[in-house]
Every structure is written in structure tokens, then in C-alpha cells.
Amino acid sequence: MGRIRTFLRNAAIPDLPDEVRSDFVVASATTVQKQGRWLFVGLLVTCPFAALATPEGAGWFVRWGLPTLMALYCIVGLRDLFKENHFPEKPWRAERFMVQSWSSSLIGALISTGWAVACWVAAEPGERLHFPVILVMGALATAYCMASIRAAAATHLMIDIGAITILMLLTGSTTDIATAVSLCVAGVFQWRMITAHHNQVIELLLLKRKSQALALTDPLTGLLNRRALLDFA
């Protein structure tokens, strides 16, 4: 368990400069917590519509069971996200929160992907394209909310887009193949934006640290200046 926990932590929190690691973790955890609340609310609202949109041939579990599981998952997630974690005072709690968010988000990805795949198989050929669109819209929104945890965002894009894309490619239909390619392009573009955002955040944190150091030290001697002494006092 210790090795698995270490692997997940290293994957969720990549190599960072030591001077900004704590700041990055706190900022990322805070962002995920705030954006996750809106994400869960949005998913909770779509649950009854997903149940109504499910083809009858998919069976009762796909039509009512999976949307109910998603609703319960969203309610539990909202409860956890409204807890006070005090990340700035406890960076270790922010690291744990990031790993837990990644792990728990996989549950939502598996539920939504299972629902979309089952609906795809059960739907009439002329109505199948609705379900990949619903799934990918949710996947892109989730990946954006989890952008601060790049491993979580990548996992969502692969699970949500990968399975349904393979099904669409195997049908041989020109429309399905074109749609599948478009979905892959959207996923790659989203990942490119997430990576750029990650690099920008690190650069801004490094610049912030440098500005703070310049503001608190004498440029000639490198010693603490009057402002720094007053702050410490």
C-alpha cells in the first residue's frame, strides 16, 4: 500500500522546484475544490435527463441504476468538497486531497463511460451519436476542472474518450469515424491547454518567489532589509 500511495502521489504531483512545491500544491488543491463543487452540481442536474434519454433496450440498470449511482456519487462528493481543509496551513493535507480527488474521480469516469457505451450499443444507429457527444462534453468539463492534477485530467480523457472512440471506429460508418477523429482532436487539444496552464502556473509561482525575495533583501548586500525585519518582528 505504501508503494501504491507513493506512486499515486508522485503521479498526481509531478516534479516541481522545491521552492514552489508547497505553493503549487496548495493552489492546485484549492482550485480543484472550488471547481469540483460546480462540476458535481452540473453532473447532478444531468442525472435525471440521462435516465430519460437512455434507450429502453439498455435495461433498467443502465437507465436507472447508473444515473442513481452517479447522483449518489455527486452528493457524497459535494459533501466532501464543502469541508474546511485549511490547505495553506497544512500543505500535507493538500497533497492528500489531490491524490484522493484523482482516485475518486475515476469512479465518476467509469460510471459515465459505462452508461454511454451501454446506451451506444442499445440505441438505434441513427440515434447513437447523441451519447458520445454527451459523454465527451462531460469529459472535457471534468478534465478542465481537474487541470491542476494533470494525471487525473489525462486519465479522464483516456477513459471517457478512448472507449467510445474505439466503438465508433469499429462501426465502419464514415460519419462515426469522422466524429471519432474529431473527439480525439478535441481531447488532444484539451491536454495541450492543460499542459500549457500547468507550465504557466509554475512560472508565475517562481516569479512570485523571486519578487518576494527582491522585496525583502538589500540588492547590494543580499541581507534582509527593513521591511523583512519588520515582518519578522
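What you are looking at is a predicted structure, and each value in this text was computed from that prediction instead of being measured.

A.B. asks: Looking at this structure, I do not really get the overall build of the chain. What am I missing?
C.D. replies: For the chain, the count of helices and strands is 8 helices and 0 strands. Counted from the first residue to the last, the chain has its helices and strands arranged as α-α-α-α-α-α-α-α. For the chain, the residues scored as buried account for 36% of the 233 residues in total. For the chain, contacts bridging at least 24 residues in sequence account for 70% of all contacts bridging at least 6.

A.B. asks: Please clarify how the pattern of salt bridges should be interpreted in this entry.
C.D. replies: Note on pairing: side chains with opposite charge can pair once their charged atoms come close. What the rule picks out here adds up to 3 salt bridges. Residues D80 and R79 are paired through a salt bridge, measuring 3.3 Å at the closest nitrogen-oxygen approach. By relative accessible area, which is 31% here, D80 ends up partly exposed. The partner of D80 in a salt bridge is K83, and the shortest N-O contact between them spans 3.6 Å.

A.B. asks: Please explain the side chain of S148 as it appears in this structure.
C.D. replies: Relative to the helices and strands, S148 is located in the loop between α5 (130–145) and α6 (150–171). Each residue touching S148, except ones within four places of it in the same chain, is listed here: F24, S28, T31, V32 and M98.

A.B. asks: Any chance you could explain the packing of α5 against α6 here in plain terms?
C.D. replies: The description of two packed helices rests on the angle between their axes and on the distance between the axes. Packing of α5 against α6 leaves a shortest axis separation of 9 Å and a crossing angle of 165°. Considering their axes alone, α5 and α6 lie roughly antiparallel with respect to each other. In this structure, α5 crosses over α6, and the sense of that crossing is left-handed. Contact residues: α5 offers P132, L135, V136, A139, L140, T142 and A143, while α6 offers A153, H156, L157, D160, I161, I164 and M168.

A.B. asks: I tried to follow the packing of helix α4 (residues 91–122) against α5 on my own but got confused; where do I start?
C.D. replies: In the contact formed by α4 and α5, the axes pass within 9 Å of each other and the chain directions differ by 170°. Classified by the angle between their axes, α4 and α5 sit roughly antiparallel to one another. Facing α4, whose interface residues are S112, T113, W115, A116, C119 and W120, α5 presents F131, P132, I134 and L135. Among the residues forming the contact of α4 with α5, the class breakdown is 8 nonpolar, 2 polar and no charged.

A.B. asks: Before we go on, may I ask you to explain unusual backbone geometry in this structure?
C.D. replies: Across the chain, the bulk of peptide bonds are trans and the bulk of non-glycine residues have phi less than zero. In this structure, H86 is a non-glycine residue whose phi angle is positive, near 55°. Within the fold, H86 resides in the loop between α3 (60–81) and α4. For H86, a relative accessible area of 43% gives the class partly exposed.

A.B. asks: Please explain a nonpolar patch on the surface as it appears in this structure.
C.D. replies: A contiguous nonpolar surface patch, about 800 Å² in accessible area, is contributed by L52, W60, F61, W64, L69, L72 and I75. Tallying contributions element by element places α3 first for the nonpolar patch, with 6 residues. With respect to the helices and strands, the residue W64 is situated in helix α3. Given a relative accessible area of 45%, W64 falls into the partly exposed group.

Cut-offs used in this document
Residues numbered from 1 in each chain as written. Predicted model: local features only at pLDDT ≥ 70, side-chain atom pairs only at ≥ 80, totals over all residues. Heavy atoms only, no water. Helix = DSSP H or I, 4+ residues; strand = E, 2+ residues; numbered from the N terminus. Buried < 20%, exposed > 50% of the residue type's maximum accessible area, 1.4 Å probe, protein only. Contact = heavy atoms within 4.5 Å. Salt bridge = Lys/Arg side-chain N within 4 Å of Asp/Glu carboxyl O. Axes fitted to C-alpha atoms, helices over the stretch in contact; angles between N-to-C directions. Parallel < 35°, antiparallel > 145°, perpendicular 65-115°, else oblique. Left-handed = near helix turned anticlockwise from the far one by under 90°. Nonpolar A, V, L, I, M, F, W, Y, C, P; charged D, E, K, R; others polar. Patch = residues over 30% accessible without salt bridge, like charges linked within 9 Å, V, L, I, M, F, W, Y side chains within 5 Å. Areas by Shrake-Rupley, 256 points an atom, 1.4 Å probe, with all protein chains shown as cover.

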